[in-house]
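Below, each chain spelled out in residue letters.
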Amino acid sequence: MIIKDALADASQRLQAVSDSARLDAEVLLCHLLHKNRAYLLTWPEQLLDDTQLQAFNSYLERRLQGEPIAHIIGEREFWSLALKVSEHTLIPRPDTELLVEQILADYPPFPAIDLVDLGTGSGAIALAIASERPLWRIVATDASAQALAIACENASALNIENIEFLLGNWFQPLTQRQFDVIVSNPPYIPENDPHLHQGDVRFEPKSALAAGADGLDDIRIIAKQARNHLKPGGLLIIEHGYDQKESVLDIFIKTGYQQIKQHHDISGNPRTTSGIFSI
(Lines give C-alpha, C1' and ligand atoms only; values in the text may rest on other atoms or scores of the structure.)
Protein backbone atom coordinates (compact mmCIF):
# COMPACT_ATOMS: atom_id res chain seq x y z
CA MET A 1 0.00 0.00 0.00
CA ILE A 2 1.26 3.50 -0.79
CA ILE A 3 1.49 6.28 1.78
CA LYS A 4 -1.46 8.23 0.37
CA ASP A 5 -3.83 5.25 0.55
CA ALA A 6 -2.56 4.15 3.97
CA LEU A 7 -3.26 7.61 5.39
CA ALA A 8 -6.70 7.78 3.80
CA ASP A 9 -7.64 4.40 5.23
CA ALA A 10 -6.23 5.23 8.67
CA SER A 11 -7.98 8.60 8.79
CA GLN A 12 -11.33 6.98 8.06
CA ARG A 13 -10.83 4.38 10.77
CA LEU A 14 -9.75 6.93 13.38
CA GLN A 15 -12.71 9.25 12.88
CA ALA A 16 -14.65 7.18 15.38
CA VAL A 17 -12.25 8.04 18.22
CA SER A 18 -10.52 11.28 17.26
CA ASP A 19 -11.44 14.82 16.26
CA SER A 20 -8.07 15.04 14.50
CA ALA A 21 -8.07 11.70 12.70
CA ARG A 22 -5.90 12.78 9.75
CA LEU A 23 -3.32 14.42 12.00
CA ASP A 24 -3.23 11.37 14.27
CA ALA A 25 -2.60 9.12 11.28
CA GLU A 26 0.16 11.35 9.97
CA VAL A 27 1.89 11.60 13.35
CA LEU A 28 1.84 7.82 13.79
CA LEU A 29 3.18 7.16 10.30
CA CYS A 30 5.89 9.81 10.69
CA HIS A 31 7.01 8.15 13.92
CA LEU A 32 7.08 4.75 12.24
CA LEU A 33 9.07 5.96 9.23
CA HIS A 34 11.30 8.37 11.21
CA LYS A 35 10.26 11.12 8.80
CA ASN A 36 8.49 14.48 9.11
CA ARG A 37 5.08 15.36 7.73
CA ALA A 38 6.64 17.13 4.74
CA TYR A 39 7.94 13.73 3.64
CA LEU A 40 4.42 12.32 3.55
CA LEU A 41 3.28 15.17 1.34
CA THR A 42 6.31 14.95 -0.93
CA TRP A 43 6.26 11.18 -1.41
CA PRO A 44 2.57 10.12 -1.32
CA GLU A 45 3.22 7.30 -3.80
CA GLN A 46 6.00 5.75 -1.71
CA LEU A 47 5.24 2.08 -1.08
CA LEU A 48 4.94 0.74 2.47
CA ASP A 49 6.13 -2.85 2.85
CA ASP A 50 4.31 -5.54 4.83
CA THR A 51 6.40 -5.00 7.98
CA GLN A 52 5.69 -1.27 7.96
CA LEU A 53 1.97 -1.83 7.36
CA GLN A 54 1.76 -4.30 10.22
CA ALA A 55 3.47 -1.86 12.58
CA PHE A 56 1.22 0.98 11.40
CA ASN A 57 -1.89 -1.14 11.96
CA SER A 58 -0.64 -1.99 15.43
CA TYR A 59 -0.39 1.73 16.22
CA LEU A 60 -3.87 2.31 14.81
CA GLU A 61 -5.37 -0.45 16.93
CA ARG A 62 -3.90 1.11 20.07
CA ARG A 63 -5.30 4.50 19.08
CA LEU A 64 -8.70 2.95 18.35
CA GLN A 65 -8.69 1.67 21.94
CA GLY A 66 -8.32 5.28 23.07
CA GLU A 67 -4.62 5.23 23.93
CA PRO A 68 -3.14 8.74 23.57
CA ILE A 69 -0.87 9.47 20.62
CA ALA A 70 1.80 10.67 23.05
CA HIS A 71 1.89 7.26 24.76
CA ILE A 72 2.00 5.36 21.49
CA ILE A 73 4.98 7.29 20.14
CA GLY A 74 6.45 7.90 23.61
CA GLU A 75 6.83 11.66 23.37
CA ARG A 76 5.04 15.00 23.25
CA GLU A 77 6.23 18.43 22.15
CA PHE A 78 6.07 21.26 24.67
CA TRP A 79 7.59 24.70 24.16
CA SER A 80 9.26 23.26 21.02
CA LEU A 81 10.98 20.63 23.18
CA ALA A 82 10.51 16.94 22.40
CA LEU A 83 9.68 15.35 25.76
CA LYS A 84 9.51 11.68 26.62
CA VAL A 85 6.25 10.76 28.35
CA SER A 86 4.81 7.56 29.80
CA GLU A 87 1.82 6.25 31.71
CA HIS A 88 3.49 7.67 34.85
CA THR A 89 3.37 11.29 33.64
CA LEU A 90 0.73 13.78 32.64
CA ILE A 91 0.81 14.52 28.92
CA PRO A 92 1.87 18.19 28.59
CA ARG A 93 -0.88 20.40 27.16
CA PRO A 94 -0.42 23.58 25.10
CA ASP A 95 -2.46 25.53 27.68
CA THR A 96 0.26 24.92 30.27
CA GLU A 97 2.70 26.95 28.16
CA LEU A 98 0.87 29.99 29.57
CA LEU A 99 2.67 29.42 32.89
CA VAL A 100 6.01 29.54 31.11
CA GLU A 101 5.03 32.63 29.12
CA GLN A 102 3.99 34.53 32.25
CA ILE A 103 7.16 33.76 34.17
CA LEU A 104 9.45 34.66 31.27
CA ALA A 105 7.52 37.90 30.74
CA ASP A 106 7.81 38.90 34.41
CA TYR A 107 11.43 37.86 35.05
CA PRO A 108 14.32 38.79 32.72
CA PRO A 109 17.38 36.54 32.34
CA PHE A 110 19.34 38.66 34.82
CA PRO A 111 19.64 38.63 37.70
CA ALA A 112 19.43 34.86 38.11
CA ILE A 113 16.61 33.73 40.39
CA ASP A 114 15.60 30.62 42.35
CA LEU A 115 12.52 28.80 41.01
CA VAL A 116 10.80 25.55 41.91
CA ASP A 117 8.37 23.55 39.78
CA LEU A 118 6.12 21.47 42.03
CA GLY A 119 4.81 18.16 40.65
CA THR A 120 7.04 18.39 37.59
CA GLY A 121 5.87 15.15 35.90
CA SER A 122 7.72 14.90 32.59
CA GLY A 123 9.62 18.07 33.55
CA ALA A 124 7.80 20.15 30.93
CA ILE A 125 7.53 23.45 32.82
CA ALA A 126 10.96 23.30 34.47
CA LEU A 127 12.67 22.27 31.23
CA ALA A 128 10.95 24.95 29.17
CA ILE A 129 11.99 27.66 31.63
CA ALA A 130 15.50 26.26 32.01
CA SER A 131 15.96 26.23 28.25
CA GLU A 132 15.16 29.96 28.16
CA ARG A 133 16.93 30.93 31.40
CA PRO A 134 20.09 28.77 31.62
CA LEU A 135 21.57 30.76 34.51
CA TRP A 136 18.56 30.42 36.79
CA ARG A 137 18.70 28.01 39.73
CA ILE A 138 15.78 25.64 39.19
CA VAL A 139 14.42 22.81 41.34
CA ALA A 140 11.76 20.32 40.22
CA THR A 141 9.92 18.03 42.64
CA ASP A 142 7.57 15.10 42.17
CA ALA A 143 6.09 12.45 44.46
CA SER A 144 6.42 9.80 41.74
CA ALA A 145 9.85 8.21 41.31
CA GLN A 146 8.81 6.97 37.86
CA ALA A 147 7.78 10.45 36.73
CA LEU A 148 10.94 12.00 38.14
CA ALA A 149 13.04 9.47 36.23
CA ILE A 150 11.31 10.53 33.00
CA ALA A 151 11.99 14.20 33.80
CA CYS A 152 15.67 13.42 34.41
CA GLU A 153 15.86 11.55 31.10
CA ASN A 154 14.35 14.53 29.32
CA ALA A 155 16.84 16.92 30.90
CA SER A 156 19.72 14.68 29.85
CA ALA A 157 18.44 14.30 26.29
CA LEU A 158 18.06 18.08 25.98
CA ASN A 159 21.44 18.79 27.62
CA ILE A 160 19.77 20.97 30.25
CA GLU A 161 21.85 21.03 33.41
CA ASN A 162 20.46 23.83 35.60
CA ILE A 163 17.69 21.77 37.21
CA GLU A 164 17.90 19.87 40.49
CA PHE A 165 15.36 17.02 40.63
CA LEU A 166 14.05 16.02 44.07
CA LEU A 167 11.70 13.19 45.03
CA GLY A 168 8.86 14.10 47.37
CA ASN A 169 5.32 15.45 47.61
CA TRP A 170 5.06 19.19 46.96
CA PHE A 171 7.38 20.99 49.43
CA GLN A 172 8.40 17.90 51.44
CA PRO A 173 11.93 17.57 49.97
CA LEU A 174 12.67 21.31 50.15
CA THR A 175 13.13 21.64 53.96
CA GLN A 176 13.69 25.36 54.63
CA ARG A 177 14.62 26.43 51.11
CA GLN A 178 13.07 29.59 49.70
CA PHE A 179 12.42 30.72 46.13
CA ASP A 180 11.67 33.80 44.07
CA VAL A 181 9.08 31.87 42.05
CA ILE A 182 7.00 28.80 42.84
CA VAL A 183 5.14 27.34 39.85
CA SER A 184 2.84 24.34 39.63
CA ASN A 185 0.35 22.60 37.38
CA PRO A 186 -1.24 20.49 40.13
CA PRO A 187 -4.17 18.08 39.92
CA TYR A 188 -7.38 20.13 39.79
CA ILE A 189 -10.16 17.85 38.50
CA PRO A 190 -12.89 16.81 41.00
CA GLU A 191 -12.39 13.15 41.89
CA ASN A 192 -15.89 12.17 40.69
CA ASP A 193 -15.73 14.10 37.41
CA PRO A 194 -16.95 11.81 34.59
CA HIS A 195 -14.25 13.19 32.26
CA LEU A 196 -11.69 11.13 34.20
CA HIS A 197 -13.15 8.08 32.47
CA GLN A 198 -13.18 9.53 28.97
CA GLY A 199 -10.65 10.12 26.21
CA ASP A 200 -6.90 10.33 26.74
CA VAL A 201 -7.07 11.00 30.49
CA ARG A 202 -8.12 7.38 31.10
CA PHE A 203 -4.50 6.46 30.39
CA GLU A 204 -2.89 9.12 32.58
CA PRO A 205 -2.13 8.81 36.32
CA LYS A 206 -5.18 9.83 38.32
CA SER A 207 -2.90 11.22 41.02
CA ALA A 208 -1.79 13.88 38.50
CA LEU A 209 -5.37 14.78 37.58
CA ALA A 210 -7.80 14.62 40.51
CA ALA A 211 -7.68 16.38 43.89
CA GLY A 212 -10.61 15.97 46.22
CA ALA A 213 -14.33 16.55 45.86
CA ASP A 214 -13.98 19.97 44.22
CA GLY A 215 -10.57 19.44 42.63
CA LEU A 216 -8.95 22.13 44.76
CA ASP A 217 -7.38 20.16 47.62
CA ASP A 218 -3.82 20.35 46.27
CA ILE A 219 -4.14 24.01 45.30
CA ARG A 220 -5.17 24.81 48.89
CA ILE A 221 -2.13 22.90 50.22
CA ILE A 222 0.28 24.59 47.82
CA ALA A 223 -1.08 28.08 48.44
CA LYS A 224 -0.77 27.63 52.20
CA GLN A 225 2.64 25.95 52.30
CA ALA A 226 4.18 28.18 49.65
CA ARG A 227 4.17 31.06 52.13
CA ASN A 228 7.02 29.33 54.02
CA HIS A 229 9.08 28.86 50.87
CA LEU A 230 8.75 32.21 49.12
CA LYS A 231 11.33 34.92 49.51
CA PRO A 232 9.88 38.35 50.42
CA GLY A 233 7.94 39.51 47.39
CA GLY A 234 8.10 36.05 45.85
CA LEU A 235 5.55 34.85 43.28
CA LEU A 236 3.26 31.82 43.35
CA ILE A 237 1.68 30.92 40.01
CA ILE A 238 -0.67 27.97 39.53
CA GLU A 239 -2.63 26.43 36.66
CA HIS A 240 -6.27 25.51 37.34
CA GLY A 241 -9.51 24.57 35.61
CA TYR A 242 -11.36 27.01 33.38
CA ASP A 243 -14.32 27.01 35.78
CA GLN A 244 -12.26 27.46 38.96
CA LYS A 245 -11.27 31.10 38.52
CA GLU A 246 -13.37 32.48 41.39
CA SER A 247 -12.62 29.61 43.75
CA VAL A 248 -8.85 29.88 43.25
CA LEU A 249 -9.02 33.67 43.59
CA ASP A 250 -10.78 33.17 46.92
CA ILE A 251 -8.07 30.73 48.07
CA PHE A 252 -5.31 33.21 47.19
CA ILE A 253 -7.08 36.08 48.96
CA LYS A 254 -7.81 34.08 52.12
CA THR A 255 -4.24 32.74 52.21
CA GLY A 256 -2.82 36.26 52.19
CA TYR A 257 -1.55 36.81 48.65
CA GLN A 258 -1.49 40.25 47.10
CA GLN A 259 -1.19 41.69 43.59
CA ILE A 260 -3.24 38.71 42.40
CA LYS A 261 -3.46 38.28 38.63
CA GLN A 262 -5.41 35.81 36.49
CA HIS A 263 -4.75 35.03 32.84
CA HIS A 264 -6.55 33.25 30.01
CA ASP A 265 -5.24 30.40 27.85
CA ILE A 266 -5.11 30.16 24.05
CA SER A 267 -8.82 29.25 24.03
CA GLY A 268 -9.77 32.32 26.06
CA ASN A 269 -10.49 30.36 29.25
CA PRO A 270 -9.27 31.44 32.74
CA ARG A 271 -6.24 29.20 33.28
CA THR A 272 -3.67 30.63 35.72
CA THR A 273 -3.66 32.58 38.98
CA SER A 274 -0.62 34.25 40.47
CA GLY A 275 0.04 36.25 43.61
CA ILE A 276 2.81 37.86 45.64
CA PHE A 277 3.35 36.91 49.28
CA SER A 278 5.08 39.35 51.59
CA ILE A 279 5.58 38.64 55.28
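Figured I'd write up the structure that's included with this text. Predicted model only: the values in this text are computed from it and were never measured. (Residues numbered from 1 in each chain as written. Predicted model: local features only at pLDDT ≥ 70, side-chain atom pairs only at ≥ 80, totals over all residues. Heavy atoms only, no water.)

1. Let's talk about the overall build of the chain
Regarding its fold elements, the chain presents ten helices and nine strands. A compact globule built from 279 residues should have a C-alpha radius of gyration of about 19 Å, and the chain, at 20 Å, falls within 12% of that. C-alpha atoms of the chain, sized along the principal axes, occupy 70 × 40 × 30 Å. The contacts of the chain with a sequence gap of at least 6 include a subset with a gap of at least 24, amounting to 64%. When the accessible surface of the chain is totalled, it reaches about 13500 Å², and 50% of it is carbon and sulfur. In the chain, 23 side chains carry a positive charge and 37 a negative one; their mean positions are 3 Å apart. (Helix = DSSP H or I, 4+ residues; strand = E, 2+ residues; numbered from the N terminus. Rg over C-alpha atoms; globule rule 2.2 N^0.38 Å. Contact = heavy atoms within 4.5 Å. Areas by Shrake-Rupley, 256 points an atom, 1.4 Å probe, with all protein chains shown as cover. Lys, Arg positive; Asp, Glu negative; His and termini not counted. Charge placed at Lys NZ, Arg CZ, Asp CG, Glu CD.)

2. A closer look at the packing of aromatic side chains
Applying the stated rule across the entire model yields three aromatic pairs. Relative to Tyr257, the ring of Phe252 has its centre 5.1 Å away and its plane inclined at 40°; by these criteria the two rings are tilted. Judged by relative accessible area, Tyr257 falls into the buried class, the value being 5%. With a centroid separation of 5.5 Å and 55° between ring planes, the pair formed by Tyr257 and Phe277 is classed as tilted. Note that Tyr257 is positioned in the loop between helix H10 (245-254) and strand E8 (258-264) and Phe277 in strand E9 (residues 270-277), a separation of 20 residues in sequence. Looking at Phe277, the relative accessible area reads 13%, which means it is buried. One aromatic cluster in this structure is built from Phe252, Tyr257 and Phe277. (Phe/Tyr/Trp six-rings, centres within 6.5 Å; stacked < 30°, edge-to-face > 60°. Buried < 20%, exposed > 50% of the residue type's maximum accessible area, 1.4 Å probe, protein only.)

3. Looking at the pairing of strand E3 (residues 114-118)
Within E3, five of the five residues are buried, leaving the element largely enclosed by the surrounding structure. What you see with E3 is no split at all: Asp114, Val116 and Leu118 on one side and Leu115 and Asp117 on the other are buried throughout. When E3 meets strand E4 (residues 137-142), the two strands line up parallel, connected through five bridges. Across the sheet, Val116 pairs through a bridge with Val139, a residue of E4. Where the polypeptide runs from E3 across helix H7 (residues 124-132) and back to E4, its parallel neighbour, the crossover connection is right-handed. (Pairing = 2+ DSSP bridges. Right-handed = clockwise from strand over helix to strand, strands pointing away.)

4. Quick notes on the environment of Leu148
As for its placement among the helices and strands, Leu148 is situated in helix H8 (residues 145-157). Between the C-alpha atoms of Leu148 and Ala6, which are 142 residues apart in sequence, the distance is 38 Å.

5. A look at the environment of Ile69
Mapped onto the elements of the fold, Ile69 is located in helix H5 (residues 69-73). Judged by its relative accessible area of 13%, Ile69 falls in the buried class. A C-alpha to C-alpha distance of 27 Å links Ile69 and Phe165, two positions 96 residues apart in sequence. Contacts of Ile69, omitting those with residues within four sequence positions, involve Asp24, Val27, Leu28 and Arg63.

6. Digging into the sheet that holds E4
Spatial ordering of the open sheet is given by E5-E4-E3-E6-E7-E9-E8, a layout of seven strands whose pairing is mixed. Of all strands in the sheet, those with a lone pairing partner are strand E5 (163-167) and E8, marking the two edges. Sheet twist, expressed as the mean angle between neighbouring strand axes with direction ignored, is 15°. Note: strand E6 (residues 179-184) against strand E7 (residues 230-239), five bridges, orientation parallel. Residue pairing across strands places Phe179 opposite Leu230, the latter belonging to E7. Across the sheet, helix H9 (residues 217-226) touches E3, E6 and E7, and the angle it forms with E7 is around 170°. (Axes fitted to C-alpha atoms, helices over the stretch in contact; angles between N-to-C directions.)

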